[in-house]
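Spelled out, the chains give:
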Amino acid sequence: KLQKAAALIGAHGAPLTGIYEVDCSMKQFMALVSDVRFASWLYNANRPLSQMGMGLMGVWGNFRFHVFADDLLSTANYTLDGSADELVYVHAREAVNCDFSESLVARVVEDKDHHFDTEVYARTSLGAARRDQRKVVQIACDPTPTL
């Protein structure tokens, strides 16, 4: 499914040698890690399972993985058996733009009412938007992967 997503994105002008970003839940990422093609030394020259600590980060093939908590998961329409597919997103880096509408504002003051404790306040405003919908692909995944 990842290779098919890369082919769809590449067909719309994304560089075939570029890195594609993959946003998935921890459950779906662990299902991918259990796949022999992902974990095998023969298929995987970069060895993300041995990089960066526990190996949940890194680049495999042309894909960089961003793992989020399972409770942030969005689901697709319900299937005939009553289960909903879990969505994984793949996108080219240039398809999404992130920018700040307000730069970081910070303030550090002493709170005289609480034994002169230090109070830290910070705020910023940022947003992200899809610039090119054709370079963003949704992958519907089995909600009960076999690990």
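As the structure is a computational prediction, the values presented were derived from the model and not from experiment.

## Considerations on unusual backbone geometry
One non-glycine residue, His 115, adopts positive backbone phi at about 55°. Mapped onto the elements, His 115 comes out in the loop between strand 6 (96-111) and strand 7 (117-130). Taking the relative accessible area as the measure of exposure, His 115 reaches 74% and is therefore exposed. Non-glycine residue Phe 116 carries a positive phi angle of around 60°. With respect to the helices, strands and loops of the structure, Phe 116 is situated in the loop between strand 6 and strand 7.

## Concerning the packing of aromatic side chains
This model, assessed by the stated rule, comprises two aromatic pairs. Ring centres 6.2 Å apart and planes at 40° place the aromatic pair Tyr 20 and Phe 63 in the tilted group. One end of the pair, Tyr 20, is in strand 1 (residues 20-25); the other, Phe 63, is in strand 3 (residues 63-68), and 43 residues separate them in sequence. Each member of the pair, Tyr 20 together with Phe 63, is buried.

## Digging into the environment of Tyr 89
Note that Tyr 89 resides in strand 5 (residues 84-92). Linking Tyr 89 and Cys 24, residues 65 residues apart in sequence, is a C-alpha distance of 6.7 Å. Within the structure, the side chain of Tyr 89 is placed 3.0 Å from the side chain of Gln 138, a separation counted as a polar contact.

## Topic: the environment of Lys 135
Residue placement: Lys 135 occurs in the loop between strand 7 and strand 8 (136-141). Since its relative accessible area comes to 11%, Lys 135 is described here as buried. For the pair formed by Lys 135 and Ala 14, sequence separation is 121 residues and the distance between their alpha carbons is 7.0 Å. Here Lys 135 is in contact with Ile 9, His 12, Gly 13, Ala 14, Val 90, His 91, Ala 92, Glu 94 and Ala 95, once residues within four sequence places are set aside.

## Observations concerning the pairing of strand 1
Of all six residues in strand 1, five are buried; the element is thus mostly enclosed. Pairing analysis gives six bridges linking strand 1 to strand 3, with the strands arranged parallel. Paired with Ser 25 across the two strands is Phe 68, which belongs to strand 3. As judged from the four bridges shared by strand 1 and strand 5, these two strands associate in the antiparallel manner. Bridge pairing links Glu 21 to His 91 in strand 5.

Parameters and conventions
- Residues numbered from 1 in each chain as written.
- Predicted model: local features only at pLDDT ≥ 70, side-chain atom pairs only at ≥ 80, totals over all residues.
- Heavy atoms only, no water.
- Helix = DSSP H or I, 4+ residues; strand = E, 2+ residues; numbered from the N terminus.
- Buried < 20%, exposed > 50% of the residue type's maximum accessible area, 1.4 Å probe, protein only.
- Phe/Tyr/Trp six-rings, centres within 6.5 Å; stacked < 30°, edge-to-face > 60°.
- Polar contact = N/O pair within 3.5 Å; in protein donor to acceptor, adjacent residues only side chain to side chain.
- Contact = heavy atoms within 4.5 Å.
- Pairing = 2+ DSSP bridges.

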